[in-house]
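This is what each chain is made of:
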Amino acid sequence: MFFKSPRRRDAFANTRDARATRILAITALTQYPLRMSFERHEKTLLIRPEFLNHAGSVFGGYMMKWADDMAFNAATLTFPGASFVTKLFGQIDFIKPIQAGDIIKVCGQVISRGNTSCKVQVWSFNAMTNEKVFDTFAIMVNVRNGQKLPLPPEAGQTPAPSLKDQSAVTAMLDRD
Ligand SMILES: CC(C)(COP(=O)(O)OP(=O)(O)OC[C@H]1O[C@@H](n2cnc3c(N)ncnc32)[C@H](O)[C@@H]1OP(=O)(O)O)[C@@H](O)C(=O)NCCC(=O)NCCS
């Protein structure tokens, strides 16, 4: 796409510097930096008697609060500078009862992103048996003063370069 002849393209592709430059160029020319997966976040909780329902297992409302907190934390740590609200939760699956004395991990991970929103998988497992006990996902939207806003850059990433800078990269790659 950037080369006038296949020979020039192949010569370029065969050098080590060229490979590094190609990666930089692809990142610069795409709207978002290339990324395979987002960081997973988790917290560990001891289940105390005050979290139980009449049946002696965890009251679902507590679990949903922990899930909402985790969705917010995972989204915010992935997109620092965003101001997230919860738009919706997907199917909430209380897979197994959680008992007093159990130690659970509540985990959250952004699994995809859109323009103003991201999707966060939230799940929980028994830290001693590794059994999964809870699963859902949340859509988190970046909102400020009641207005949806595009997501800011991901943690550790710089913003995509301006159109002017992208043209400069294209021109550089097209040079002899
Ligand atoms: C969040 C809010 C501003 C969204 O406004 P809206 O006009 O309904 O938004 P949209 O329908 O355009 O959706 C916004 C984003 O959510 C996504 N979304 C909405 N419904 C979705 C669904 N069912 N599945 C997946 N994504 C969905 C949209 O795709 C969009 O994301 P994108 O820009 O990345 O494509 C508004 O619904 C609101 O203020 N809700 C109250 C939030 C709140 O109080 N939460 C509880 C406390 S934190």
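Each remark here, short or long, concerns the structure printed above.
This one's a predicted model, so the numbers in the text were calculated from it and none came from an experiment. (Residues numbered from 1 in each chain as written. Predicted model: local features only at pLDDT ≥ 70, side-chain atom pairs only at ≥ 80, totals over all residues.)

Some points on the overall build of the protein
In terms of regular secondary structure, the protein is built from four helices and seven strands. For the protein, the α and β elements follow one another from N to C terminus as α-α-β-α-β-β-β-β-β-β-α. Classification of the 176 residues of the protein by burial places 22% in the buried group. Sequence-distant contacts, at least 24 apart, represent 67% of the contacts inside the protein between residues at least 6 apart. (Helix = DSSP H or I, 4+ residues; strand = E, 2+ residues; numbered from the N terminus. Buried ≥ 20, exposed ≤ 12 C-beta atoms within 10 Å, placed from the backbone. Contact = placed C-beta atoms within 7 Å.)

Remarks on the site of the ligand
For the ligand, the full set of nearby residues is Val85, Thr86, Lys87, Leu88, Gly114, Asn115, Thr116, Ser117, Ile139, Val141, Val143 and Lys148. If you tally residues by element for the shell around the ligand, the top one is strand 2 (residues 84–89), at four residues. For the shell around the ligand, the per-class residue count stands at five nonpolar, five polar and two charged. (Near = placed C-beta within 6 Å. Nonpolar A, V, L, I, M, F, W, Y, C, P; charged D, E, K, R; others polar.)

Describing the environment of Asn142
Mapped onto the fold, Asn142 is located in strand 6 (residues 132–144). Residues within four places of Asn142 in sequence aside, it is in contact with Ala82, Ser83, Phe84, Thr116, Lys148, Leu149 and Leu151.

Points about the nonpolar core
Of all hydrophobic cores here, the largest spans 28 residues; its most connected members are Ala71, Ala75, Val120, Val122 and Met140. The element best represented in this core is helix 3 (residues 60–78), accounting for seven residues. When sequence neighbours within four positions are dropped, the list of residues in contact with Val120 reads Ala71, Ala74, Ala75, Gly108, Gln109, Val110, Phe137, Ala138 and Met140. (Core = buried A, V, L, I, M, F, W, Y, C linked by C-beta atoms within 7 Å.)

What to know about unusual backbone geometry
One can expect most non-glycine residues to show negative phi and most peptide bonds to be in trans. One non-glycine residue, Asn130, lies in the positive phi region at around 65°. Tracing the sequence through the fold places Asn130 in the loop between strand 5 (117–126) and strand 6. The backbone of Asn145 sits at a positive phi, close to 50°, despite the residue not being glycine.

Concerning the environment of Val58
Among the structural elements, Val58 can be located in the loop between strand 1 (40–46) and helix 3. The class for Val58 is buried, based on 25 C-beta atoms found within 10 Å. Between the alpha carbons of Val58 and Gln99 there is a distance of 6.3 Å; along the sequence they are 41 residues apart. Residues contacting Val58, with those up to four places away along its chain left out, are Ile47, Phe51, Leu52, Met63 and Ile98.

Considerations on the pairing of strand 6
Here strand 2 runs beside strand 6; their pairing, made up of five bridges, is antiparallel. Across the sheet, the residue bridging to Leu88 is Ile139, located in strand 6. As paired elements, strand 3 (residues 93–94) and strand 6 share two bridges and run antiparallel to each other. What sits directly across from Asp93, in strand 6, is Asp135. Both strand 5 and strand 6 contribute to a ladder of nine bridges, which runs antiparallel. Note on strand 6: the bridge partner recorded for Ser117 is Val141. As consecutive antiparallel partners, strand 5 and strand 6 are separated by five residues, and within that stretch Asn130 has a phi angle of approximately 65°, a positive value. In the sheet, strand 6 pairs with strand 7 (residues 147–148) via two bridges, with the strands oriented antiparallel. When the sheet's bridge partners are listed, Val143 is paired in strand 7 with Lys148. (Pairing = 2+ DSSP bridges.)

Describing the environment of Val122
Following the sequence through the fold, Val122 ends up in strand 5. When the 26 C-beta atoms within 10 Å are taken as the criterion, Val122 is described as buried. Along the backbone, Val122 and Ala74 are 48 residues apart, and their C-alpha atoms lie at a distance of 9.2 Å. With sequence-adjacent residues up to four places away left out, Val122 is seen in contact with Ala67, Met70, Ala71, Cys107, Gly108, Thr136, Phe137 and Ala138.

By themselves, these are just geometric observations and shouldn't be taken as functional.
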